[in-house]
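Observations on the model geometry
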Amino acid sequence: MGTGSWRSRPWLLWALLAVPAAATIAGAGTYAGALGPQDPPKPGRADLVGRYEDGEGGVVTLRADGTAEVRGIEYDLYDDGSGVGKRCEDDAATWFLEETRPRRHNAVNVFNDCGFFQPWDVDGSPSDPRIVYYAGDPAPDTRRVLTRR
């Protein structure tokens, strides 16, 4: 046994094992919300019920029973993101909230005769929720913000 052997320094082995174990526990604790900074409260399903407008003629009404109404929401004319301009008008839509953890936005999923809209980001607070969607390719000029009225 040489003087450089780990057996002569058992604390070194324990230290090497403790570092990955501590990192794993910290990561799990942060994900579960027990450690680290807490996320600000996000709007939940009940907070989202109401009528929203985007200021450009788009109106979405989300009801507590999971039904929705969509009026004037712009969306992409083509699947490749090359043309914004078609407007959806549909009374018979449905919606649900997709909750994500940690530190990510929840998303609203809307299905109707116009098709499935990409999940819309939920932003704001429980008392002042906003829904953000893109009318075409995710680019700044196609970003729309629906605010509750």
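Residues numbered from 1 in each chain as written. Predicted model: local features only at pLDDT ≥ 70, side-chain atom pairs only at ≥ 80, totals over all residues. Heavy atoms only, no water.

A few points about the overall build of the protein chain
Which entries qualify depends on this criterion: By the criteria applied, helices consist of DSSP H or I runs no shorter than four residues and strands consist of E runs no shorter than two, each listed in order from the N terminus. Relative accessibility decides the category of a residue: with a 1.4 Å probe and only protein chains considered, values under 20% of the type maximum give buried, values over 50% give exposed, and everything between is partly exposed. Should any heavy atoms of two residues lie within 4.5 Å, those residues are counted as being in contact. Using the Shrake-Rupley algorithm and a 1.4 Å probe, accessible areas are obtained, with residue cover drawn only from the displayed protein chains.
In terms of regular secondary structure, the protein chain is built from 2 helices and 9 strands. Reading the secondary structure of the protein chain in the N-to-C direction produces α-α-β-β-β-β-β-β-β-β-β. Across the 149 residues of the protein chain, 32% fall into the buried class. Here the contacts in the protein chain between residues at least 6 apart in sequence split such that 40% fall between residues at least 24 apart. Carbon together with sulfur atoms contributes 57% to the accessible area of the protein chain, which is approximately 9,200 Å² in total.

Structural notes on the side chain of Asn112
For Asn112, the position within the fold is in strand β5 (residues 107-112). A relative accessible area of 12% means that Asn112 is categorised as buried. Dropping the residues within four chain positions of it, Asn112 is found in contact with Val70, Cys88, Asp90, Ala92, Ala93 and Phe117.

Remarks on the confidence of the model for the protein chain
Note the threshold: Known as pLDDT, the predictor's confidence for each residue is given on a scale from 0 to 100.
When pLDDT is averaged along the protein chain, the result is 80; 77% of the residues meet or exceed 70. Least confident of the elements in the protein chain is strand β6 (residues 115-116), whose mean pLDDT is 70; most confident is strand β1 (residues 50-53), at 97.

A closer look at the pattern of salt bridges
To keep things clear, this is the line we draw: Salt bridges are identified by distance alone: a Lys or Arg side-chain nitrogen within 4 Å of an Asp or Glu carboxyl oxygen.
For the structure shown, the criterion picks out 8 salt bridges. Residue Arg144 pairs with Glu74 through a salt bridge whose shortest N-O separation is 2.5 Å. Taken together, the positions of Arg144 in strand β9 (residues 143-148) and Glu74 in strand β3 (residues 67-76) put the pair 70 residues apart, joining distant regions of the chain. What makes Glu74 buried here is its relative accessible area of 13%. Residues participating in the shared-partner salt-bridge network are Arg51, Glu53 and Arg149.

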